[in-house]
Amino acid sequence: MSAFLAMLQRELRLALRGGGDVLTLMLFFVIVGAIVPFAVGPDQTLLASIAPGIVWIAAFLAMLLGLERLFRPDHEDGSLILLRHAELPLSAAIAAKLIAHWLVTALPLLLASPILALLLAMDLASFWRTLISLSLGTPALAAFGTIGAAVTVPIRHGGLIAPILIAPLSVPVLIFGVGAITSPQSGAAALFLAALSLMAVALAPFVAAFAIRSAED
Amino acid sequence: MTDQQVYPPIHLRATGLSCGRGGMLLTDQLDFSLRNGQTLLLRGPNGAGKSTLLLTLAGIIAPFSGRFGPPDVDTELPLLHYCGHRNASKPRLSVLENLTFWAKVNGPTGMTPQAALDQVGLGDLDGLDAGYLSAGQSRRLALARLLVSLRPLWLLDEPTAALDEPGHQLVTRLLANHLARGGLAIAATHDPISLPDPSSLSTLLLARAP
């Protein structure tokens with residue numbers, strides 16, 4: 001357990017000492033949402049009706065930004081080889097990375113979402129539903145991202161391949177994420193979203209560990 | 001540091017081991033065997049496949065043919081420390097944080113991180129960010145990682161690279177202590193290593209593939 005916590009602590013320290021990475025991510029999230037009114041025009045009813053989709057697209061794109069940080073630095077400085085031989089199982093190390101990844105990429109987005117709700121003329125009820133939908137769905141995005149990053153880590157300059165790889169996996173998250181905000185059966189959609197996240201988070205560390213183990217350095 | 005054996009009897013054997021990278025065969029049909037307290041030095045010109053062989057022994061690269069491990073096929077390879085060209089330290093973590101992390105993740109079975117830093121001569125730099133270390137100091141930090149967790153097999157790739165003269169002696173001393181405790185080591189090096197007990201040292205000469 002202390003090894004798992006040490007891994008988590010290291011990941012968080014590295015991310016928070018990264019000098020503004022977290023802030024950049026929040027700004028990116030807000031800016032993606034903020035440019036939409038300029039592109040579609042200042043029609044308040046139209047904006048409010050497409051706002052859930054915009055928030056989810058902005059969250060999806062912002063979470064792709066952090067993927068490179070997940071395994072690439074460890075691969076380049078040789079830490080990944082050593083983690084394969086650590087006493088802490090590789091899948092547990094990756095689970096710690098996944099939790100840290102969610103904490104430094106998804107949590108800031110939740111914190112920044114009120115700004116976006118304001119910019120997109122959301123009413124309070126749909127803002128709360130957006131917040132719930134984002135908190136239920138982002139763990140699945142983080143888990144799929146972890147798998148994508150693990151599969152592409154041996155590829156030099158593979159930074160753009162991971163997003164392409166995980167986009168199809170993320171489609172259900174987006175569908176049910178937006179559904180949990182707008183659809184009449186938003187409760188059912190939210191439950192499905194939660195199930196998706198639980199499954200993805202439970203399986204991703206093992207899949208990612210397998211991908212890293214079978215990759216040659 | 002105690003000089004008594006702490007590891008169980010270990011016998012490792014490579015049989016018909018061929019390895020290479022990117023489809024190119026580098027070392028063909030190697031046979032060697034290693035027991036407690038013995039060191040195998042890998043020597044050969046650049047490109048002879050020393051690093052590739054070490055990565056293969058560590059299980060990072062799959063061999064083309066043959067196997068390395070205990071003679072009994074069902075027994076697993078003992079715990080090992082791999083010390084490669086890259087030092088696996090994070091520039092934004094302090095020297096002590098880097099080492100404490102590896103101690104916890106590999107199991108804190110050896111010295112305390114602070115004692116290990118004293119041993120490799122970084123005792124007064126524990127609070128410094130590892131990014132500010134020189135190449136030789138980073139190397140010493142990587143060597144300190146071998147001390148905080150006790151593992152019977154050391155795979156060292158150019159352990160003396162970037163080290164000064166006292167650094168060379170440090171590597172020799174660490175290796176001698178490791179062997180005295182019944183450890184095993186396989187090291188690729190261009191520098192001469194003279195151990196107190198020369199009989200524990202054997203050399204494998206790798207030729208460059210024609």
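Each value, and the rule that gives it
- Residues numbered from 1 in each chain as written.
- Chains lettered and ligands numbered in written order.
- Predicted model: local features only at pLDDT ≥ 70, side-chain atom pairs only at ≥ 80, totals over all residues.
- Contact = placed C-beta atoms within 7 Å.
- Helix = DSSP H or I, 4+ residues; strand = E, 2+ residues; numbered from the N terminus.
- Nonpolar A, V, L, I, M, F, W, Y, C, P; charged D, E, K, R; others polar.
- Pairing = 2+ DSSP bridges.
- Axes fitted to C-alpha atoms, helices over the stretch in contact; angles between N-to-C directions.

Student: I tried to follow the interface of chain B and chain A on my own but got confused; where do I start?
Tutor: For interface size, the figure often reported is the accessible area lost on association. Chain B puts 17 residues into the contact, and the matching count from chain A is 19 residues. Of all the secondary-structure elements, those providing two or more residues to the side of chain B that touches chain A are strand E5 (80-83) and helix H2 (95-106) of chain B. Examining the composition of the side of chain B that touches chain A, we find that 4 residues originate from one element, H2 of chain B, more than from any other. Here the residues of the side of chain B that touches chain A are counted per class, giving 9 nonpolar, 4 polar and 4 charged.

Student: Even after reading the chapter, I still don't get the pairing of strand E3 (residues 39-43) of chain B, so can you show me in this structure?
Tutor: Consecutive residues of a regular strand have side chains that alternate between opposite faces of the sheet. Residue and element names in this part refer to chain B. In this sheet, strand E7 (residues 184-188) lies alongside E3 in parallel orientation, the contact comprising 4 bridges. Looking across to E7, one finds that leucine 40 is bridged to isoleucine 186. By the bridge criterion, 5 bridges tie E3 to strand E8 (residues 201-205) in an arrangement that is parallel. Bridge pairing links threonine 39 to leucine 201 in E8.

Student: How should I be thinking about the sheet that holds strand E1 (residues 11-21) of chain B in this particular structure?
Tutor: Residue and element names in this part refer to chain B. Read across the sheet, 3 strands follow the order E2-E1-E4 without closing on themselves; strand pairing throughout is antiparallel. What marks the edges here is a single partner per strand, and that holds for strand E2 (24-35) and strand E4 (65-69). Averaged over all neighbouring strand pairs, the angle between strand axes comes to 25 degrees, with direction disregarded. Two strands pair when backbone bridges link them, and E1 and E4 are joined in this way by 4 bridges, in the antiparallel orientation. The residue of E4 that forms the bridge with threonine 15 is arginine 67. Packing of helix H1 (residues 50-57) onto the sheet brings it into contact with E1, E2 and E4, and relative to E1 it is tilted by some 125 degrees.

Function cannot be inferred from these measures alone, as they are strictly geometric.
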